[in-house]
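As a plain string of letters, each chain reads:
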Amino acid sequence: MTRRVLAASAAAAVFALALTGCVAKADLAEAISVDITDDACAVATDSTTAGAVTFSLENTGTDVNEFEILADDQLRIVGEKENVTPGQKVDFVAQLEPGDYYTACKFQQVGAPVGLAAFTVTGETSKVSADEQALSDQAVTEYLAYVRSQTSELLPAVEQLAAAYAAGDDETARQLFATTRVPYERIEPTAEAFGDLDPKIDFREVDAVADGIDWTGFHRIEKDLWPPAPGDLNSDGTDAFLDWAPSTPEERQAYADGLVENVTELHEIVTADDFTVSLADISNGAIALLDEVAAGKITGEEDWWSGTDLYDFQANVQGAYVAFGAVRALAESKGDEGTALAAEIDDQFTALNDALAAYGSLDEGFVNYAELTDADKKALSDQVNALAEPLSQLTSTILGV
């Protein structure tokens, strides 16, 4: 990371949803059964009609689980039922508009989604227009769920990376490094809001030196995994071996333990009952994530030794899109101007994602950033700027200022 603006982060996709809860079974229409186990999430049907949709959840697994409904980007959580305990049967209601969704579960409420499956809602869009307060509340609810989900995926991934690194299994650690960082990069401005937590987790060496703090976290581990050769330079042009040497096994263990400890603290903060954000945090978080791309990813300074900058680039863009998606309905509620702005932002996100796709994907992997020419970088930078311009208007539009 470069030294960056503090702001809270994201939650995304294309439109609104909400209202979840547990109600008496007698009050519900016919429910869709969901069989939950430790390694499966079987939804009885892959489609339904719009309106209040009831899911009848049963956890036959060995530990606590949760059920999620995700937007079409597979990131923004538009409905969730947490703390479904072993042996529990519970009904969960989500008010769903027509569109494409995904369903999934999350064993022990951490890690990647289990049993991710497409789910389609057909029918007519609700004729009842939500007021601005309802849209605002919905945006915050979706955002909080998204951030909590990303930190829940981040923590076990960091534990795996840290274990491989501490054990000296550099091949495995190198394979895990870029993908482990993805959930963090999606919500980066949130972590930056908590004092020295982000510097401990994600400062680059040159920033730690400039601020006079101990250098720890992802990028300390990165330099050990992709060690420089004699004569190599840091991103600021200084000798790569200036005040640096490969970490000893004892130092590796300490850096691994520290990263896990700091990510655990981040997870505990955002999952606490009293953690919340404002609308400005969400929309400004989208803008901050684009700033992250412009400040460090386009230049190739973020992952200086590994060349995995495009993973961070894509994750930042996804996080910004999630944030935009959370407040899009509110922007559109402001009339023709807000609707036009939302459409322009959506078009620019599509163009930027198309540009990134020329170099790979998070699923298939990205090329090393060193393979990009100056012309390639210029084209990406121009597209980032094209998106940043309308996105910069989002906060004032949704707040009406």
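Residues numbered from 1 in each chain as written. Predicted model: local features only at pLDDT ≥ 70, side-chain atom pairs only at ≥ 80, totals over all residues. Heavy atoms only, no water.

K.L.:
Looking at this structure, I do not really get the overall build of the protein chain. What am I missing?
P.N.:
Within the protein chain one finds 12 helices and 12 strands. Overall, the C-alpha framework of the protein chain stretches about 70 × 50 × 35 Å when taken along its three principal axes. Split into buried and exposed, the 401 residues of the protein chain put 51% on the buried side. Looking at the protein chain alone, contacts between residues at least 24 apart form 75% of all its contacts between residues at least 6 apart. Looking at the protein chain, you have 22 positive and 73 negative side-chain charges, and the mean spots of the two groups are 1 Å apart. (Helix = DSSP H or I, 4+ residues; strand = E, 2+ residues; numbered from the N terminus. Buried < 20%, exposed > 50% of the residue type's maximum accessible area, 1.4 Å probe, protein only. Contact = heavy atoms within 4.5 Å. Lys, Arg positive; Asp, Glu negative; His and termini not counted. Charge placed at Lys NZ, Arg CZ, Asp CG, Glu CD.)

K.L.:
Even after reading the chapter, I still don't get the state of the cysteines, so can you show me in this structure?
P.N.:
Cysteine pairs can be linked by a disulfide, which is a covalent bond between their two sulfur atoms. Throughout the structure, instances matching the rule amount to one disulfide. Note that Cys41 is cross-linked by a disulfide to Cys105, the S-S spacing being 2.1 Å. Note on the Cys41 and Cys105 pair: the S-S dihedral is about 55°, so by sign convention the disulfide is right-handed. Linking Cys41 in strand 3 (residues 40–43) with Cys105 in strand 9 (residues 99–105), this pair joins segments that are 64 residues apart in sequence. Here Cys41 matches Cys105 in class, with each residue buried. (Disulfide = S-S within 2.5 Å.)

K.L.:
Can you help me understand helix 7 (residues 249–271) in this one?
P.N.:
Since the α-helix packs 3.6 residues into each turn, any two residues three or four apart lie on the same face. Between the first and last C-alpha of helix 7 there are 33 Å, a value that for 23 residues agrees with the 33 Å anticipated at 1.5 Å per step. Among all positions in helix 7, only Arg252, Tyr255, Ala256, Leu259, Val260, Asn262, Val263, Leu266, His267 and Val270 are buried. (Expected span 1.5 Å × (residues − 1).)

K.L.:
Whenever I open this one, the packing of aromatic side chains confuses me. Can you help?
P.N.:
Two numbers describe a pair of aromatic rings. These are the distance of the centres and the angle of the planes. Overall, the coordinates contain 13 aromatic pairs when judged by the stated rule. Between Tyr311 and Phe366, the ring centres sit 5.3 Å apart and the planes meet at 80°, which makes this aromatic pair edge-to-face. You can see Tyr311 sitting in helix 9 (residues 309–332) and its partner Phe366 sitting in strand 12 (residues 365–366), a full 55 residues away along the chain. The class for Tyr311 is buried, based on a relative accessible area of 13%. (Phe/Tyr/Trp six-rings, centres within 6.5 Å; stacked < 30°, edge-to-face > 60°.)

K.L.:
Which parts of the structure should I look at to understand the sheet that holds strand 4 (residues 47–49)?
P.N.:
Taking strand neighbours across the sheet as the criterion, the five strands line up as 4-10-9-6-7 in an open arrangement whose pairing is mixed. Looking at the sheet topology across the chains shown, the edges are occupied by strand 4 and strand 7 (77–84). Averaged over all neighbouring strand pairs, the angle between strand axes comes to 20°, with direction disregarded. Contacts between helix 1 (residues 132–166) and the sheet are confined to strand 6 (65–70) and strand 7, with strand 7 contributing the most and set at about 60° to the helix. (Pairing = 2+ DSSP bridges. Axes fitted to C-alpha atoms, helices over the stretch in contact; angles between N-to-C directions.)

K.L.:
Please clarify how the nonpolar core should be interpreted in this entry.
P.N.:
The tendency in soluble globular proteins is for nonpolar side chains to be buried as a group. In terms of nonpolar packing, the biggest core is built from 74 residues, with Phe218, Ile282, Leu310, Phe313 and Phe349 touching the most fellow members. The leading source of residues in this core is helix 1, at 15 residues. Excluding anything up to four places from it in sequence, Phe313 contacts Val293, Lys297, Ile298, Leu352, Leu356, Leu380 and Val384. By size, the runner-up hydrophobic cluster in this structure holds 21 residues, among which are Val43, Phe55, Val78 and Cys105. (Core = buried A, V, L, I, M, F, W, Y, C linked by side-chain atoms within 4.5 Å.)

K.L.:
What exactly am I supposed to notice about the packing of helix 1 against helix 6 (residues 218–225) here?
P.N.:
Two packed helices can be described by the angle between their axes and the distance between those axes. Axis separation between helix 1 and helix 6 bottoms out at 12 Å; the angle between their running directions is 35°. Crossing geometry of helix 1 relative to helix 6 is assigned as left-handed. Taking contact as the criterion, the partners of Leu154, Val158, Leu161 and Tyr165 in helix 1 are, on helix 6, Phe218, Ile221, Asp224 and Leu225. Residues belonging to the contact of helix 1 with helix 6 are distributed by class as follows: seven nonpolar, no polar and one charged. (Left-handed = near helix turned anticlockwise from the far one by under 90°. Nonpolar A, V, L, I, M, F, W, Y, C, P; charged D, E, K, R; others polar.)

K.L.:
Where do I start with the confidence of the model for the protein chain in this structure?
P.N.:
Segments scoring low in pLDDT should not have their predicted coordinates read at a detailed level. Of all residues in the protein chain, 91% attain a pLDDT of 70 or more, and the chain-wide mean is 89. Scored below 50 in pLDDT, residues 2–28 makes 124 contacts in the model with residues more than four places away or belonging to other chains. (pLDDT = per-residue confidence, 0-100.)

K.L.:
Just to check I follow, could you spell out the packing of helix 1 against helix 7 for this structure?
P.N.:
Look at helix 1 against helix 7: their axes get within 9 Å of each other, and the N-to-C directions meet at 170°. When the axes of helix 1 and helix 7 are compared, the pair comes out roughly antiparallel. Within the contact between the two elements, helix 1 uses Val147, Arg148, Thr151, Ser152, Leu154, Leu155, Val158, Glu159, Ala162, Tyr165 and Ala166 and helix 7 uses Arg252, Gln253, Tyr255, Ala256, Leu259, Val260, Val263, Thr264, Leu266, His267, Val270 and Thr271. (Parallel < 35°, antiparallel > 145°, perpendicular 65-115°, else oblique.)

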